[in-house]
Amino acid sequence: MGGGSADSVPPIERAQMGEGGCFLETAGVEASAAPRAPRASEASRMNVGVAHSEVNPNTRVMNSRGIWLAYIILVGLLHVVLLSIPFFSIPVVWTLTNVIHNLAMYVFLHTVKGTPFETPDQGKARLLTHWEQMDYGLQFTSSRKFLSISPIVLYLLASFYTKYDAAHFLINTASLLSVLLPKLPQFHGVRLFGINKY
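Residues numbered from 1 in each chain as written. Predicted model: local features only at pLDDT ≥ 70, side-chain atom pairs only at ≥ 80, totals over all residues. Heavy atoms only, no water.

Within an unreviewed UniProt entry, the label attached to the protein chain reads Orm1-like protein 2, and the organism entered is Lynx pardinus. Taken directly from UniProt, the Sequence similarities (unreviewed entry) text for the protein chain runs: "Belongs to the ORM family." Per UniProt, the protein chain has the following entry under Subcellular location (unreviewed entry): "Membrane". (UniProt positions renumbered as here; feature names shortened; annotations may be inferred.)

So, in structure tokens, the structure goes:
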């Protein structure tokens, strides 16, 4: 930079009173041309040169900031889009919202295996679904509870707005059970009838 060393920079003198009646106390502060190196504790917390600090990002994605709100907004948006179709009645829209939501949840959480990322876990996540990878397999975490309660709330809303009609009730109940049973801890890593084993 300027060709001088940090020792040749003169100290900053006391600042004058400004227009607003305040001033900055700077007596004894020396200007430095060299940037301050981070302390060891700061350097250990920084993730320099990496995109994330997780071995498998699938384990923590549902704990990200704003993901639950985005999830609720997407379900609400699906419901509004279905409501805008003129020949669907209110009970049909609620049943479709429930079934489409649960089908998407089943496919993305309980059918698709592996990760979309290159992970250094030597293939451990290759045979696990997203639900089994989430929170490193720990049961009853806040994100698992949220993803277990949300289809139940949607089921209750769909049942209420369909006025407990028998046909809608059976469809909504079957849809709920298809996403709730795989979430139980007893089914962690279990492949019924060898389906989705590999």
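Chemist: An account of the UniProt feature "transmembrane region" (unreviewed entry) in the protein chain is needed here, citing residue identities and associated values.
Modeler: In the UniProt entry, the feature "transmembrane region" (unreviewed entry) is given for residues 68–94. For the annotated span residues 68–94, helix accounts for 78% and strand for 0% of the residues, and the straight-line distance between the end C-alpha atoms is 21 Å. (Helix = DSSP H or I, 4+ residues; strand = E, 2+ residues; numbered from the N terminus.)

Chemist: Account for the nonpolar core, naming residues and giving values.
Modeler: Tyr71, Met105, Leu109, Trp131, Met134 and Leu147 are the most contacted members of the largest nonpolar core, which totals 13 residues. For this core, the secondary structure elements donating two or more residues are helix 2 (67–83), helix 3 (90–111) and helix 5 (142–161). Broken down by element, the residue count for this core peaks at 4 residues, all from helix 5. Contacts of Met134, omitting those with residues within four sequence positions, involve Asn58, Thr59, Met62, Ser143, Arg144 and Leu147. (Core = buried A, V, L, I, M, F, W, Y, C linked by side-chain atoms within 4.5 Å. Buried < 20%, exposed > 50% of the residue type's maximum accessible area, 1.4 Å probe, protein only. Contact = heavy atoms within 4.5 Å.)

Chemist: So what's going on with a nonpolar patch on the surface? Which residues, and what values?
Modeler: Taken together, the side chains of Leu83, Ile90, Ile149, Val153, Leu157, Phe160, Tyr161, Tyr164 and Phe169 present a nonpolar region at the surface, about 830 Å² in accessible area. Sort the elements by how many residues they give to the nonpolar patch and helix 5 lands first, with 5 residues. With respect to the helices and strands, the residue Ile149 is situated in helix 5. (Patch = residues over 30% accessible without salt bridge, like charges linked within 9 Å, V, L, I, M, F, W, Y side chains within 5 Å. Areas by Shrake-Rupley, 256 points an atom, 1.4 Å probe, with all protein chains shown as cover. Salt bridge = Lys/Arg side-chain N within 4 Å of Asp/Glu carboxyl O.)

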